[in-house]
Amino acid sequence: MNPIERGRNLFQNVRTGAQNAVEKAQQTVGTVANKVVEGGQQVGRFVDAFEDKATDKARALGSSLFGGSKPDRAFDGHLVGAGGQTFPPGTPLSQVPGVTPRNNPNPTETFIYVNGISNDKDTQFRSMQQLADATGGKVIGVHNATEGMVADLAQCVKDKMDKGHNPAVDSLADSVYTELKAGRGVHLMAHSQGGLITSRALQDVANRLRIEDGMSKGDVEKLMGRVNVETFGGAAGRYPDGPKYVHYVNNKDIVPTWFGQGNGKGLDDWALRDGGKGAVVRRFEHGSGIQGTHGLNDAYLPQRVPFDQAYAAGK
């Protein structure tokens, strides 16, 4: 091979090697670039997911405090039955399929339950199932809708002063009045703000019997003696005379001790609290924290005894 051909071959080998090196470098750069892009996309997806979760939590917190879009308001004052079904206010109780105990589909006793603050319809329904299982009775709910913690507390203040319109008060009052006029007794249960609603509703029933039906005070109390009432951590300090009452008060729970039937001493000696003529107050001490001291299922239902037994024991 002459020097010229040898030079051409050397040049060709160098150029080929250089091309191969460039192509490999391009492939490496492309691979790295793709990895960077893919990594960026993954980081972007992570950031987006984190932002979505943070937004959802912020919306949930805002809804809890301030009501958000207030979807629960649509059920305010509605009757709640089996499966969480709702029925318009004024629906006869006989037309509402109640929640029954899991071990007894045909109970003989019916309770009407009013829930407290920050409970949407589904939360009330779960409490109704707990009540049915604990009592052995059928439970129908009168729904006290939540519009957020702030709005609920503001409504409690108005309930305390018997001011403003509360659909749950009207619905409960109508149901009790209708049952009494039909000659049937009623058994009510209430938790927390539900005690305020029950107090207002029973006073409305008494007023209606006196004003619309012309009954005397004594006759009103006699007729309302067909109403049994159980409150659990109730926020009402006063109830009208006539019904038979059993009030459950956890002395570690600030709701009934500050705003309801008190702790049995101090201000309770003043004429600031009245559980209704002949009322029985069953006091106990249990738990810690809001849920541990005020929760219906955690704090109160384990303390409940059958109504007749509790009422008789307090006399």
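Located above this text is the structure these notes cover.
In this text the structure is predicted, and so the values were computed from the model without any measurement.

**Student:** Go over the overall build of the protein chain with me, naming the residues and quoting the values.
**Tutor:** Helix and strand counts for the protein chain stand at 10 helices and 8 strands. Within the protein chain, buried positions represent 40% of all 315 residues.

**Student:** Let's hear about the pattern of salt bridges: which residues, and what values?
**Tutor:** Tallied over the full model, the rule gives 10 salt bridges. Arg73 is the salt-bridge partner of Glu147, the closest N and O atoms lying 2.9 Å from each other. Residue Glu147 is found in the loop between strand 4 (138–142) and helix 3 (149–160), and its partner Arg73 is found in the loop between helix 1 (3–66) and strand 1 (79–80); the two are separated by 74 residues along the sequence. Ionic pairing is found between Arg184 and Glu179, a salt bridge with its closest N-O pair at 2.8 Å. Relative accessible area serves as the criterion here: at 42%, Arg184 is assigned to the partly exposed category. What you see here is one network of salt bridges that share partners, running through Asp174, Arg208 and Glu212.

**Student:** Can you lay out a nonpolar patch on the surface for me, pointing to particular residues and giving the numbers?
**Tutor:** Taken together, the side chains of Ile254, Trp258 and Phe259 make up a nonpolar region of the molecular surface, amounting to roughly 350 Å² of accessible area. Along the chain, Phe259 turns up in helix 7 (residues 254–259).

**Student:** Quick one: what's the story with the pairing of strand 7 (residues 244–250), residue by residue and with numbers?
**Tutor:** Counting buried residues in strand 7 gives 6 out of 7 residues, a clear majority hidden from the surface. By the bridge criterion, 5 bridges tie strand 6 (residues 227–232) to strand 7 in an arrangement that is parallel. Across the sheet, the residue bridging to Thr231 is His247, located in strand 7. Pairing of strand 7 with strand 8 (residues 280–284) involves 5 bridges; the strand directions are parallel. Looking at strand 8, one finds that Val246 is bridged to Val280.

**Student:** Go over the packing of helix 5 (residues 193–211) against helix 6 (residues 217–224) with me, naming the residues and quoting the values.
**Tutor:** At their nearest, the axes of helix 5 and helix 6 sit 10 Å apart, and the two run at 130 degrees to each other. Regarding the angle of helix 5 to helix 6, the classification is oblique. Crossing handedness for the pair helix 5 and helix 6: right-handed. Packed against helix 5, whose contacting residues are Leu202, Val205, Ala206, Leu209 and Arg210, the element helix 6 presents Lys217, Val220, Leu223 and Met224 at the interface. In the contact of helix 5 with helix 6, the residues fall into 7 nonpolar, no polar and 2 charged.

**Student:** Lay out the pairing of strand 6 with the relevant residues and their values.
**Tutor:** Here is the key point about a regular strand: its side chains alternate between the two faces of the sheet. Counting buried residues in strand 6 gives 6 out of 6 residues, a clear majority hidden from the surface. Taking every second residue as pointing to the same face, both faces of strand 6 are buried, with Val227, Val229 and Thr231 on one and Asn228, Glu230 and Phe232 on the other. Inspection of the sheet shows strand 5 (residues 186–191) paired to strand 6 by 6 bridges, in the parallel sense. Bridging from a neighbouring strand, Ala190 pairs with Thr231 of strand 6.

Rules behind the numbers
- Residues numbered from 1 in each chain as written.
- Predicted model: local features only at pLDDT ≥ 70, side-chain atom pairs only at ≥ 80, totals over all residues.
- Heavy atoms only, no water.
- Helix = DSSP H or I, 4+ residues; strand = E, 2+ residues; numbered from the N terminus.
- Buried < 20%, exposed > 50% of the residue type's maximum accessible area, 1.4 Å probe, protein only.
- Salt bridge = Lys/Arg side-chain N within 4 Å of Asp/Glu carboxyl O.
- Patch = residues over 30% accessible without salt bridge, like charges linked within 9 Å, V, L, I, M, F, W, Y side chains within 5 Å.
- Areas by Shrake-Rupley, 256 points an atom, 1.4 Å probe, with all protein chains shown as cover.
- Pairing = 2+ DSSP bridges.
- Axes fitted to C-alpha atoms, helices over the stretch in contact; angles between N-to-C directions.
- Parallel < 35°, antiparallel > 145°, perpendicular 65-115°, else oblique.
- Left-handed = near helix turned anticlockwise from the far one by under 90°.
- Contact = heavy atoms within 4.5 Å.
- Nonpolar A, V, L, I, M, F, W, Y, C, P; charged D, E, K, R; others polar.

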